[in-house]
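Each chain is listed here by its residues.
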Amino acid sequence: MKYPKALENLIKELASLPSVGPKTAERYAFYLLRQNEDSLNRFAKSLAELKGNILVCSQCLAISETNPCPICADLKRQREALCIVENIQDLIAIESTGQYQGLYFVLGGLISMIDKVGPESINIKRLENRINKGGIKEMILALNFNLEGETTAIYLNKLFKDNVRITHLAKGLSAGSDLEYADQVTLKNAFKYRNEIK
Ligand SMILES: [Zn+2]
């Protein structure tokens, strides 16, 4: 006896999500099966529209509903500071502290020897173009305090230290921690007391 095909397919799709194993996928699938048609349609609609209504900002490479995104388009922001983040989740975490008024740039990953992610696999070339255009005086590295974050910070520091002032977040955040999960006060202070890379 096997599950009906539609259910099998759903389990397979769910199991492809990060940190969802086959058992969890099965549980999710049965949960969805118990929902009414309306809520399932809403769920399906948000999935179907996910790609179509999301753009990538050509300036900071963050996902957005507009290009340029509202932050890059905002002329009131400090346009001489560029905060480098791994992803949009980190950008939003920093933005929600209200501590930072400059611009952002999304790397789209971190350099990792273990996972064989080199500088060419993330948006470093685009970052070089951005810096070469001029106007940026300070680059703030807001990267995770783990091996990948440190490796990337060292690489960026080497690459750009002759062009701009480079700072990174103060170590109020615990080692190995993900920025997006840091609490607001910690993140706010890490920003406020950011310092030069030695
Ligand atoms: Zn943008």
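Just above, that's the structure.
Below, the structure is looked at part by part. For every chain, the first residue of the written sequence is number 1, and numbering continues from 1 onward in sequence order. Selection of residues for local features in this predicted model requires a pLDDT of at least 70, selection of side-chain atom pairs for listing and counting requires 80 or more, and totals for whole chains, interfaces and linings are taken over all residues. Values shown for side chains rest on all heavy atoms present in the structure; no hydrogens or waters enter the calculation.

**Considerations on a nonpolar patch on the surface**
- A grouping of L50, I54, V56 and I63 is seen on the molecular surface, where their side chains present a nonpolar patch of about 340 Å² in accessible area.
- Elements are defined by DSSP. Helices are runs of H or I of four residues or more, strands are runs of E of two residues or more, and each kind is numbered from the N terminus. Tracing the backbone shows I63 in strand β2 (residues 63-64). Distance thresholds for patches are 9 Å for like charges and 5 Å for nonpolar side chains (Val, Leu, Ile, Met, Phe, Trp, Tyr), applied to residues having over 30% relative accessible area and no salt bridge. Residue burial considers only the protein chains on display, and all accessible areas are found by Shrake-Rupley using a 1.4 Å probe. A carboxyl oxygen of Asp or Glu within 4 Å of a side-chain nitrogen of Lys or Arg is what we treat as a salt bridge.

**Some remarks on unusual backbone geometry**
- Between N67 and P68 the backbone carries a cis peptide bond, its omega angle lying at 0°.
- Within the element layout of this structure, P68 appears in the loop between β2 and α4 (70-73).
- The phi angle at L61 is positive, at roughly 65°, despite the residue not being glycine.
- With respect to the secondary-structure elements, L61 resides in the loop between β1 (55-56) and β2.

**Some details on the side chain of S64**
- Note on placement: S64 falls in strand β2.
- Here the term buried applies to any residue with accessible area under 20% of the maximum for its type, exposed to any over 50%, and partly exposed to those in between, with areas from a 1.4 Å probe on protein chains only. In this structure S64 comes out as buried when scored by relative accessible area, which is 10%.
- We call two residues in contact whenever any of their non-hydrogen atoms come within 4.5 Å of each other. Ignoring sequence-local partners within four residues, the contact set of S64 consists of N53, I54, L55, C69 and P70.

**Some words on the packing of aromatic side chains**
- Aromatic contacts are taken between Phe, Tyr and Trp rings whose centres are within 6.5 Å, Trp giving its six-membered ring; a plane angle under 30 degrees counts as stacked, one over 60 as edge-to-face, and the others as tilted. Taken as a whole and judged by the stated rule, the model has 2 aromatic pairs.
- When the ring of Y3 is compared with that of F30, the centres are 5.4 Å apart and the planes differ by 70°; the resulting orientation is edge-to-face. Residue Y3 is found in the segment before α1 (5-15), and its partner F30 is found in helix α2 (residues 22-34); the two are separated by 27 residues along the sequence.
- Since its relative accessible area comes to 34%, Y3 is described here as partly exposed.
- Ring plane angle 70° and centroid distance 5.2 Å describe the contact between Y100 and Y104, whose orientation is recorded as edge-to-face.
- Y100 gets classed as buried once you look at its relative accessible area, which sits at 4%.
- Y104 sits in the buried class, given a relative accessible area of 2%.

**Notes on the coordination of the zinc ion**
- In this analysis a donor is any N, O or S atom within 2.8 Å of a metal ion (3.2 Å for sodium, potassium and calcium), and since water is not included, sites may seem incomplete. Binding of the zinc ion to the protein goes through C57 (SG), C60 (SG), C69 (SG) and C72 (SG), at separations of 2.3 Å.
- Only four donors with every angle between 85 and 135 degrees are called tetrahedral; only four or six donors with opposite donors over 155 degrees apart and all others between 65 and 115 are called square planar or octahedral, in that order; all others are irregular. Classification of the site at the zinc ion rests on its 4 donor atoms, whose angles at the metal span 107 to 116°, yielding the label tetrahedral.
- Written as a sequence motif, the donor arrangement for the zinc ion is C-x2-C-x8-C-x2-C. Pair noted here: C57 is in the loop between β1 and β2 and C69 is in the loop between β2 and α4, with a separation of 12 residues, a long-range link. Per residue, the accessibility class of C57 equals that of C69, and both read buried.

**Digging into the nonpolar core**
- In this structure, I94, L107 and L127 are the most contacted members of the largest nonpolar core, which totals 44 residues.
- No other element matches strand β3 (residues 81-85), which puts 5 residues into this core.
- If we skip the residues at most four places from it in the chain, L107 touches I84, V85, E86, I122, N123, I124, L127, L143, T152 and L156.
- Counting residues in each nonpolar core, the second largest holds 7 residues, with L7, V20, A25 and A29 among its members. By nonpolar core we mean a set of buried residues, namely Ala, Val, Leu, Ile, Met, Phe, Trp, Tyr and Cys, connected to one another through side-chain atoms within 4.5 Å.

**Digging into the pattern of salt bridges**
- Applying the stated criterion to the full structure yields 7 salt bridges.
- The closest approach of N and O atoms between E95 and R77, which form a salt bridge, is 2.8 Å. Remark: R77 occurs in the loop between α4 and β3 and E95 occurs in helix α5 (residues 88-95); sequence separation between them is 18 residues.
- For E95, a relative accessible area of 26% translates into the label partly exposed.
- Take R77: its relative accessible area is 8%, and that puts it in the buried class.
- With a shortest N-O distance of 3.3 Å, K137 and E80 are connected by a salt bridge. Highlighted residues: K137 in the loop between α6 (124-132) and β5 (138-141) and E80 in the loop between α4 and β3, separated in sequence by 57 residues.
- Assessed through its relative accessible area of 53%, K137 is described here as exposed.
- Note on E80: relative accessible area 42%, which makes it partly exposed.
- Here the salt bridges share partners, and the residues they tie into one network are E138, R165 and R194.

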